[in-house]
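Observations on chain architecture
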Amino acid sequence: MSFEGLSPEQAPVVERIDELVGNTPMVRLKRIGRDGGAPIYVKMENMNPSGSIRDRYIAEILERAVAAGMLVAGDTVALAGLDDSAPAAAMIGSVLGIHTRVYVPEGSDERLWELSRRYGAELIWTDGDRGLPGAVTEAAAWSRKASDRMYVDGIRREAVRDAYGGMAAEILQSLQGQRLGAFITSVTTGGTFRHVARELRETRPALNMGGAILGEVNLPDFKEHKFNSLERFSMKEAFELRDQIAGKEGLLLGPKGAACVGLAMELQEKVSPDEVIVALNPDSGQRYLGWEKHLH
Amino acid sequence: MTVQVRIPTPLRKFTAGQEEVAVEGATVGEALMNLTESHPELKSKIFSDDGAVRRFVNIFANDEDIRFQEKLETPLSEGDLVSIVPAIAGGRS
Amino acid sequence: MSSSHPAWTERLEGVRPPRRHEGLLEVIGATPLVRLRSVTRDLADGVEVWVKMESMNPGGSVKDRPARQIIKDALDRGDLGNGKILLDATSGNTGIAYAMIGASLGIPVHLVMPENVSPQRKEIVEVYGAKIVYSDPMEGSDGAIRLARKLVEEDEEGLYYYADQYHNPSNPRAHQLTTAPEIWAQTGGRVTHFVASTGTSGTVMGTGRGLRERSSTVRIVGSQPADAFHGLEGLKHMPSSLKPGIYKEDELDEIRWIETEDGWDMAETLAKEEGIACGNSAGANVVAALEVARELTEGVVVTVICDHADRYFGE
């Protein structure tokens with residue numbers, strides 16, 4: 001086993017925290033998975049500065065908007081829903097001098113509430129009965145009322161495509177020529193899956209893509225592809241996998257990342273042992289501790 | 001009425017080593033005011049200049065945090081126990 | 001392929017190349033150094049303040065480094081391995097780091113903590129499979145240490161390796177061997193002041209030694225809570241505490257005394273103005289670093305973001 005980390009010369013030096021978005025490490029699992037199977041690496045997106053993969057596209061959105069003159073210091077961006085985008089936007093906004101307002105349906109779980117506020121986000125409750133669509137409507141309506149406001153989702157598509165395409169390039173680069181046999185991501189809207197799949201399949205059309213679907217979300221509409229493996233995990237199964245991985249590997253993943261590793265172990269059957277499997281851990285495991293019972 | 005105030009270890013040097021000090025007071029605020037009158041060095045440890053309890057200091061009335069009761073107005077009865085606890089587990093080691 | 005993406009990855013190639021690691025322990029250290037831009041507005045033009053992002057270690061705190069070194073050195077000596085249990089009294093970040101590394105290496109970990117420790121602490125060490133031994137809540141961290149020592153004294157079968165972070169020379173050595181050379185490389189040898197608050201004191205002692213090996217003029221500044229009664233988790237007010245065996249006050253050039261509220265406020269300001277969400281003891285570090293920096297007309301001051309704010313949030 002190796003105790004050595006990177007050399008001192010490899011430690012990054014940056015002028016601003018948002019420069020550390022992306023280029024997250026991949027860590028090999030040693031004690032979990034099939035003996036002799038293809039090695040599984042976890043792409044640790046929780047090591048982004050605000051703690052999740054959302055830093056990537058939020059940075060992309062805000063940077064594009066600033067470059068295009070749509071946003072200047074002192075402006076406000078609005079988001080809907082209290083997911084990992086909220087702390088990401090507030091963190092990147094804080095260094096760009098941009099305020100963040102998050103519209104949250106009443107009754108949402110408050111797991112990311114304190115962190116979002118710590119980064120300076122303002123949280124506005126919306127009618128719980130109208131759910132997330134209601135929050136989206138209010139955030140968009142508020143943003144239209146003045147020119148110093150921007151609704152983040154307005155230019156989301158391109159930013160997501162580029163941010164996640166960039167992540168795919170990163171994965172191939174860190175493999176240093178070794179062949180990628182399968183990539184597994186969690187699926188909620190299917191955005192990450194689609195963009196990363198398109199990019200990775202440019203170099204290998206027959207790449208196995210795994211999608212771990214968590215809880216009760218509706219299955220997104222995927223084009224049939226014989227190398228796509230989609231599997232549903234209950235939150236209970238995901239937390240059990242999380243405990244197993246934390247206890248055997250010392251890696252504390254979120255439930256999505258844990259489900260991805262679960263699917264990765266199944267895909268070891270399909271992947272040649274000299275290839276590599278990469279499972280994505282999109283967010284921070286720390287931030288689920290104590291909230292498990294709220295998330296079934 | 002008389003209540004007991006429990007003093008944390010780092011503050012006992014201001015109470016001649018006493019772990020508990022008996023004071024008069026019908027509310028937590030009154031009890032703490034009387035405590036800091038008889039032991040003036042405690043005042044700046046517990047209260048900020050504006051008279052509020054310092055943010056890192058937790059005050060419990062009979063094991064209940066007064067933030068979730070009526071704060072310094074929390075009423076006390078004869079023989080109640082008021083505890084002063086820093087927000088962290090800390091202490092000597 | 002990356003040419004079609006004008007995004008972060010491409011612009012930052014070289015800043016932090018994406019890497020794969022063959023094990024978790026390789027991810028510890030080589031943390032980023034970030035310049036503070038907003039809270040430094042009132043400083044002289046020739047003065048820079050930089051923070052070492054120890055919160056970006058895989059265990060979320062600076063303690064990954066000493067825990068790794070303590071375990072490595074114990075394995076090398078044969079004090080650990082063959083099913084021996086690592087035992088220490090800690091309810092904080094060191095316990096989390098032991099639990100994480102123990103899980104990764106298959107080393108059982110038992111942690112002694114007062115029974116009233118926060119549920120968040122219990123949850124995180126338990127998820128890594130560490131066992132908690134509870135000590136009397138009225139006796140605080142003293143009681144936890146006494147119970148750990150008692151368990152070791154009564155351990156006739158030799159089940160335990162007592163890691164004892166307050167007296168273990170591997171603790172400062174971790175920083176002498178890794179943190180110091182990193183700061184030296186990251187500042188291009190320009191660092192003039194290193195500032196860190198003392199809990200076990202491992203960070204400031206070890207980093208101080210490592211920097212002095214490279215510079216005869218660098219100043220090493222320790223900071224402490226201004227009062228015995230304080231709210232800066234993990235830090236010690238040395239005059240009223242039993243001094244850790246590894247703490248050598250004569251190796252410090254000066255000591256700064258920090259008020260709890262100033263540390264708390266700075267932790268909030270760093271998140272809102274610099275995008276750095278950290279614990280209150282990191283806030284205290286930055287308060288001390290800025291105090292030092294304000295007295296300079298020229299200099300490169302480095303301090304440590306010892307952990308992440310989200311460790312202190314919870315339901």
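Residues numbered from 1 in each chain as written. Chains lettered and ligands numbered in written order. Predicted model: local features only at pLDDT ≥ 70, side-chain atom pairs only at ≥ 80, totals over all residues. Heavy atoms only, no water.

Moving on, we come to the overall build of chain B. On a plain count of helices and strands, chain B comes out with 2 helices and 5 strands. When the elements of chain B are put in sequence order from the N terminus, they spell out β-β-α-α-β-β-β. The globule rule puts the C-alpha radius of gyration for 93 residues at 12 Å, and the 12 Å found for chain B is close to it. Dimensions of chain B, computed from C-alpha atoms along their principal axes, come out at roughly 35 × 25 × 25 Å. Here chain B, with 93 residues, has 42% of them falling under the buried criterion. Of all intrachain contacts in chain B linking residues separated by at least 6 positions in sequence, the fraction that spans at least 24 positions is 49%. Working note: accessible area of chain B is about 4,900 Å², and carbon and sulfur atoms make up 49% of it. The averaged location of the 15 negative side-chain charges in chain B is 12 Å from the averaged location of its 10 positive side-chain charges. (Helix = DSSP H or I, 4+ residues; strand = E, 2+ residues; numbered from the N terminus. Rg over C-alpha atoms; globule rule 2.2 N^0.38 Å. Buried < 20%, exposed > 50% of the residue type's maximum accessible area, 1.4 Å probe, protein only. Contact = heavy atoms within 4.5 Å. Areas by Shrake-Rupley, 256 points an atom, 1.4 Å probe, with all protein chains shown as cover. Lys, Arg positive; Asp, Glu negative; His and termini not counted. Charge placed at Lys NZ, Arg CZ, Asp CG, Glu CD.)

Between chain C and chain A, the residue contacts involve 71 residues of the former and 82 residues of the latter. Counting each side, the surface lost to burial between chain C and chain A is near 6,800 Å², with a carbon and sulfur contribution of 57%. Taken together, chain C and chain A are joined by 3 salt bridges. Arg28(A) is the salt-bridge partner of Glu22(C), the closest N and O atoms lying 3.1 Å from each other. Inspection of the region where chain C meets chain A yields 20 residue pairs in polar contact (both at pLDDT 80 or more). (Buried area = accessible area lost by both parts, 1.4 Å probe. Salt bridge = Lys/Arg side-chain N within 4 Å of Asp/Glu carboxyl O. Polar contact = N/O pair within 3.5 Å; in protein donor to acceptor, adjacent residues only side chain to side chain.)

Moving on, we get to the state of the cysteines. Among covalent bonds in proteins, the disulfide is the one between the sulfur atoms of two cysteines. Per the counting criterion, the structure on display carries 0 disulfides over all chains. Cysteine Cys278(C) is unpaired, with the sulfur of Cys306(C) as its nearest cysteine sulfur at 7.6 Å. (Disulfide = S-S within 2.5 Å.)

All names here are of chain C. The topology assignment puts threonine 200 in the loop between strand S8 (193-197) and helix H7 (202-212). Taking relative accessible area as the criterion, threonine 200 reaches 5% and is therefore assigned buried. Reaching out from threonine 200, the side chain makes a polar contact with the side chain of asparagine 171 at a distance of 3.0 Å. Only 3.1 Å separates the side chain of threonine 200 from the backbone nitrogen of glycine 202, close enough to count as a polar contact. Once residues within four sequence positions are removed from consideration, threonine 200 is found in contact with Lys63, Gln165, Tyr166, Asn171, Pro244 and Ile246.

For the rest of this paragraph, the subject is the confidence of the model for chain B. Per-residue confidence for chain B gives a mean pLDDT of 90, with 94% of residues at or over 70. Contacts of residues 89-93 of chain B to residues separated by more than four positions or lying in other chains number 12 contacts, the stretch itself having pLDDT below 50. (pLDDT = per-residue confidence, 0-100.)

Let us look at the sheet that holds strand S3 (residues 57-61) of chain B. Residues and elements named next belong to chain B. Read from one edge to the other, the open sheet built from 5 strands follows the order S2-S1-S5-S3-S4, with strand pairing classed as mixed. The sheet is open, and its two borders are formed by strand S2 (20-24) and strand S4 (64-65), each paired with just one other strand. Two strands pair when backbone bridges link them, and S3 and strand S5 (residues 81-86) are joined in this way by 5 bridges, in the antiparallel orientation. When the bridges of S5 are listed, asparagine 58 appears paired with valine 85. (Pairing = 2+ DSSP bridges.)

A word on the pattern of salt bridges. All names here are of chain A. Within the structure shown, the criterion is met by 45 salt bridges over all chains. Two residues, arginine 56 and glutamate 45, come together in a salt bridge whose shortest N-O distance is 2.7 Å. Taken together, the residues span a long stretch of sequence, with arginine 56 in helix H1 (residues 54-67) and glutamate 45 in the loop between strand S3 (40-44) and H1 at a distance of 11 residues. Like arginine 56, the residue glutamate 45 is buried in the burial classification. Between aspartate 243 and arginine 242 there is a salt bridge whose closest N-O contact spans 3.1 Å. For aspartate 243, a relative accessible area of 36% puts it in the partly exposed group.

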